[in-house]
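# Architecture at a glance
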Amino acid sequence: MKVLEHGGRIGRTLLFFPCTAEPVWAFAETIALLSKQWHVFQVVFDGHEPEEPGDFTSVEQTVDEVTEYLKAHGIARLDAAYGCSLGGSFVGLLAASGNIRMDYGILGSSDLDQSSKFAAKLQTDLLLPLMFPMLRDGRFKSPLLQKHVEKQMRQMGDYGAAFLRILGGARPYLTQQSCKNQFY
């Protein structure tokens, strides 16, 4: 795990957690705009870009590592923390830990998903074989599922095209174990 910093050190602070298997550049335009007025900390998970090999381990470990990073850089308070989808779980755990004070936690399309170990394993075992080829290769393995998704995205017009750009296409460096750990 690493943290990228954008913008000046003066002004408001924002911690930005990515979605499941999101490439580092997916929200580059948004972060560029925010960094004009904010000091933005962008978390990059292990295994989520070619220069960061390895596997994502767990939400809890990542929150601990981010907390250590912020404290080592003199940050004990954030103006805001943002997490989209899985990133919202990070924001929730960071707030619950009480180790870094934040004025606002912003959840984008997050359900703060928590399940029993059995349910989480079952859901992971069922969904990972469907989702991993799309996350790694930019396409679903099933031609039927791929055709259905392409049709849905065409019907969504510009929004569908933007969504597919955010997903990022092929990421051959992404490992199945990393995705499994995130889903679980």
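Analysis parameters
Each chain has its residues counted from 1, running along the sequence as written. Local features in this predicted model are restricted to residues of pLDDT 70 or higher, and side-chain atom pairs are both shown and tallied only at a pLDDT of 80 or more, whereas totals for entire chains, interfaces and linings draw on every residue. Side-chain numbers here rest on the full set of heavy atoms in the structure, without hydrogens or water. Runs of H or I in DSSP of at least four residues are treated as helices and runs of E of at least two as strands, each being numbered from the N terminus. Burial classes: relative accessible area under 20% of the type maximum marks a residue as buried, over 50% as exposed, and values in between as partly exposed (1.4 Å probe, protein chains only). By definition, residues are in contact when any of their heavy atoms lie within 4.5 Å. The rule is short: rings of Phe, Tyr and Trp, with Trp giving its six-membered ring, pair when the centres are within 6.5 Å, and they are stacked under 30 degrees, edge-to-face over 60, tilted in between. Each axis is a line fitted through C-alpha atoms, and for a helix only the stretch in contact is used; angles between axes span 0 to 180 degrees, taken between their N-to-C directions. With respect to orientation, any angle under 35 degrees is reported as roughly parallel, any angle over 145 as roughly antiparallel, any angle of 65 to 115 as roughly perpendicular, and every other angle as oblique. Crossing chirality is assigned from the near helix's rotation relative to the far helix, an anticlockwise turn below a right angle marking it left-handed and a clockwise turn marking it right-handed. Following the grouping adopted for this structure description, the nonpolar residues are Ala, Val, Leu, Ile, Met, Phe, Trp, Tyr, Cys and Pro, the charged ones are Asp, Glu, Lys and Arg, and the polar ones are all others, Gly among them. Any two strands are treated as partners once DSSP identifies two or more bridges connecting them. Among buried residues, the Ala, Val, Leu, Ile, Met, Phe, Trp, Tyr and Cys ones that are joined through side-chain atoms within 4.5 Å form a nonpolar core. A carboxyl oxygen of Asp or Glu within 4 Å of a side-chain nitrogen of Lys or Arg is what we treat as a salt bridge.

Our next topic: the side chain of Ser-35. Structurally, Ser-35 can be placed in the loop between helix H1 (28-34) and strand S3 (38-44). Classification of Ser-35 as buried rests on a relative accessible area of 18%. With near-sequence residues (within four places) excluded, Ser-35 lies in contact with His-6, Gly-7, Gly-8 and Val-40.

Looking now at the packing of aromatic side chains. Taken as a whole and judged by the stated rule, the model has six aromatic pairs. Summarising the aromatic geometry, the rings of Phe-17 and Phe-90 are spaced 5.0 Å apart at their centres and angled 15° between planes, so their arrangement reads as stacked. Taken together, the residues span a long stretch of sequence, with Phe-17 in strand S2 (residues 12-17) and Phe-90 in helix H3 (residues 86-97) at a distance of 73 residues. We note that Phe-17, like Phe-90, is buried. Every member of this aromatic cluster is reached through a ring pair, and the members are Phe-17, Phe-45, Phe-56 and Phe-90.

For the rest of this paragraph, the subject is the packing of helix H2 (residues 59-72) against H3. One can describe the packing of H2 onto H3 by two numbers: an axis separation of 10 Å at closest approach and a directional angle of 60°. By the angle class used here, H2 and H3 are oblique. Helix-helix and strand crossings are classified by hand; for H2 and H3 the assignment is right-handed. Contacts between H2 and H3 pair Val-59, Glu-60, Thr-62, Val-63 and Thr-67 from the former with Leu-86, Ser-89, Phe-90, Leu-93 and Leu-94 from the latter. Class assignment for the residues of the contact of H2 with H3 results in six nonpolar, three polar and one charged.

On to the sheet that holds S3, then. As a general point, the strands of a sheet are linked pairwise by backbone hydrogen bonds and lie either parallel or antiparallel. Read from one edge to the other, the open sheet built from five strands follows the order S1-S3-S2-S4-S5, with strand pairing classed as mixed. Unpaired on one side and paired on the other, strand S1 (2-6) and strand S5 (101-108) mark the two borders of the sheet. Within this sheet the neighbouring strands show an average axis-to-axis angle of 20°, counted without direction. Against the sheet, H2 engages S1, S2, S3 and strand S4 (77-84), with an angle of about 145° to S3.

With that settled, the discussion passes to the nonpolar core. Ranked by size, the top nonpolar core spans 21 residues in total, and within it Leu-15, Phe-17, Phe-41, Leu-70, Leu-78, Phe-90 and Leu-94 carry the most contacts. Those elements that place two or more of their residues in this core are S2, S3, H2, S4 and H3. Looking at this core element by element, the count peaks at five residues for H2. If you look at the next biggest cluster of nonpolar residues, it comprises eleven residues, including Phe-16, Phe-27, Val-40 and Cys-84.

A word on the environment of Phe-56. Among the structural elements, Phe-56 can be located in the loop between S3 and H2. When the C-alpha atoms of Phe-56 and Thr-175 are compared, they prove to be 9.0 Å apart, with 119 residues separating the residues in sequence.

The next subject is the pattern of salt bridges. What the rule picks out here adds up to seven salt bridges. We note a salt bridge from Glu-5 to Arg-9, for which the minimum N-O separation is 3.1 Å. Residue classification places Arg-9 among the exposed residues on the basis of a relative accessible area of 53%. Of the charged contacts in the structure, one is a salt bridge between Asp-103 and Arg-77, with a shortest N-O distance of 2.5 Å. A residue pair is termed long-range when its members are at least 10 positions apart, and Asp-103 in strand S5 and Arg-77 in strand S4 qualify at 26 residues.

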